[in-house]
Amino acid sequence: MAAPSPSAGQRSGRSRRSFAPIILVGLLGAVAAGGAVWWFDTPRAAHAAISPAAYAPAVSVAAATPRDVPVYLAGLGTVQASNTTAIHTQVDGTLQSVNFVEGQEVHKGDVLAQIDPRTDQAALDEAKAKKAQDEAQLVSAQKDLERIQDLLKVKPAVETPQDLDHQIALVGQLKATIESDQAAIESAQTELDYTTITAPTDGRVGIRQVDPGNVVQTTDTTPIIVLTQTKPAAVVFSLPEKNLGDILKAMQADPLEVVAFGQDDRTQLAKGKLLLVDNEVDQTTGTIKLKALFPNEDETLWPGQFVNARLLLRSQSGLTIPSAAVQRGPDGLYAWVVGSDGRVSMRALKTGPVDGDTTIVTAGLAERDRVVVDGQSKLQANAPVTVATTGQFAGQPGY
């Protein structure tokens with residue numbers, strides 16, 4: 001039996017599928033031919049203009065320029081209060097009241113606490129009464145002495161020289177007793193004054209250690225409060241022993257400036273002056289201790305706080321570049337330098353002191369050489385680059 005012949009629709013679909021590859025091949029050939037015509041007809045300068053520059057990496061640059069750079073010696077330091085006073089009672093008694101708020105700033109002479117004064121007030125009153133009694137006896141003894149002296153002139157037989165001597169001694173004894181009474185009054189007054197506890201210096205109080213109503217004694221080891229004077233504040237820090245000679249020499253000219261930075265070593269907290277260098281070297285660590293004093297009017301320095309202290313030793317002139325431009329390789333330090341033709345090359349460097357983001361270059365660069373400060377990872381020697389932005393010194397002379 002013969003197979004059925006295909007219908008007209010089936011023959012039409014089969015014909016379209018058979019011509020599709022032929023059409024695709026024809027289109028690709030036309031595109032290739034057109035590209036070839038464009039390539040050979042386009043001037044060679046146009047190809048050269050778009051091919052290398054289109055792939056030049058973008059970099060940030062800064063120019064090397066001479067300037068004065070401060071030379072710092074840096075060390076870790078601790079903030080200390082200029083005065084720290086543990087406030088204890090100087091008399092035994094009941095803590096009647098505290099007249100401060102924890103953390104409050106107080107001034108010298110401000111009342112901090114009150115001890116029950118009644119016992120000491122009674123002792124003072126008793127001493128004053130005793131003095132008044134002895135003063136009355138002295139008045140009587142002095143009058144008796146005057147009478148004896150008069151009688152010896154008129155009636156020598158009534159009073160004897162021995163009676164006169166006895167009365168003179170009694171008057172002197174009473175005078176001495178009155179002086180002792182006055183001392184007892186002053187002692188009692190001092191004890192009474194001690195019941196009112198006042199601030200010995202300006203400063204800031206901390207956390208209260210004893211609450212009102214408790215009995216406090218002079219033998220207590222726990223203070224009622226600790227008062228710290230933070231204006232001014234001191235910073236004690238250490239530096240290597242090798243810097244001792246330079247520091248002592250610099251101190252002979254002018255007071256040296258010390259700058260305190262936060263733990264991130266970038267946030268400046270305060271400026272002060274070097275107060276002293278400790279009188280001996282710590283032989284276990286090979287370091288010297290230094291103490292600087294800061295006005296600390298805004299209290300940015302807090303007792304016990306760790307800071308990074310920088311001692312300004314001198315200023316040094318030299319050719320400077322951003323520290324970000326300095327790279328380290330197997331052969332030492334180097335920087336990428338952008339030439340006048342827009343291509344980069346590696347340049348070996350010798351560097352000097354570093355001030356934050358600025359480095360002094362002692363050899364390897366000339367003034368106004370452009371160094372790459374960002375984008376070094378994409379560079380190759382003698383490769384072209386595109387200068388996208390300038391570095392951190394933009395706006396300064398020479399940039």
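This structure is a prediction, so every number in the text was calculated from the model and none was measured. (Residues numbered from 1 in each chain as written. Predicted model: local features only at pLDDT ≥ 70, side-chain atom pairs only at ≥ 80, totals over all residues. Heavy atoms only, no water.)

A sheet is described by the order of its strands in space; here four strands give the open sequence 6-5-3-8, paired in antiparallel fashion. Edge positions in the sheet fall to strand 6 (196-198) and strand 8 (215-216), since each of these pairs with one other strand and no more. Inspection of the sheet shows strand 5 (residues 111-115) paired to strand 6 by three bridges, in the antiparallel sense. For glutamine 114, the partnering residue across the bridge sits in strand 6 and is threonine 196. (Pairing = 2+ DSSP bridges. Helix = DSSP H or I, 4+ residues; strand = E, 2+ residues; numbered from the N terminus.)

Here we come to the nonpolar core. With 24 residues, the main nonpolar core has Phe237, Ile247, Leu274, Leu290, Leu301 and Leu311 as its most contacted residues. At the level of elements, strand 2 (65-87), strand 9 (225-240), helix 5 (244-251), strand 10 (257-261), strand 11 (268-277), strand 12 (287-294) and strand 13 (306-322) are the ones that each hand at least two residues to this core. The residues contacting leucine 274, other than those within four sequence positions of it, are Phe237, Ile247, Met251, Leu256, Val258, Leu290, Lys291, Ala292 and Leu311. Counting 16 residues, the second largest nonpolar core, distinct from the first, contains Leu95, Val106, Ile197 and Val205. (Core = buried A, V, L, I, M, F, W, Y, C linked by side-chain atoms within 4.5 Å. Buried < 20%, exposed > 50% of the residue type's maximum accessible area, 1.4 Å probe, protein only. Contact = heavy atoms within 4.5 Å.)

Turning our eyes to something else, we now look at the environment of valine 373. Topologically, valine 373 is positioned in strand 19 (residues 370-374). The class for valine 373 is buried, based on a relative accessible area of 14%. Sequence spacing of valine 373 and serine 60 is 313 residues, and the spatial spacing of their C-alpha atoms is 5.6 Å.

The subject of this paragraph is the pattern of salt bridges. As enumerated under the stated definition, the model contains 12 salt bridges in all. Glutamate 105 is the salt-bridge partner of arginine 204, the closest N and O atoms lying 3.5 Å from each other. Residue arginine 204 is located in strand 7 (residues 203-205), and its partner glutamate 105 is located in strand 4 (residues 105-106); the two are separated by 99 residues in the primary sequence. Residue class for glutamate 105 comes out partly exposed when judged on its relative accessible area of 35%. The partner of arginine 347 in a salt bridge is aspartate 369, with the nearest N and O atoms 3.4 Å apart. Placement of the pair is arginine 347 in strand 16 (residues 344-348) and aspartate 369 in the loop between strand 18 (358-363) and strand 19, with a sequence separation of 22 residues. Here arginine 347 falls in the partly exposed class, since its relative accessible area comes to 28%. Here the salt bridges do not stand alone but share partners, grouping Glu105, Arg204, Lys231 and Glu299 into one network. (Salt bridge = Lys/Arg side-chain N within 4 Å of Asp/Glu carboxyl O.)

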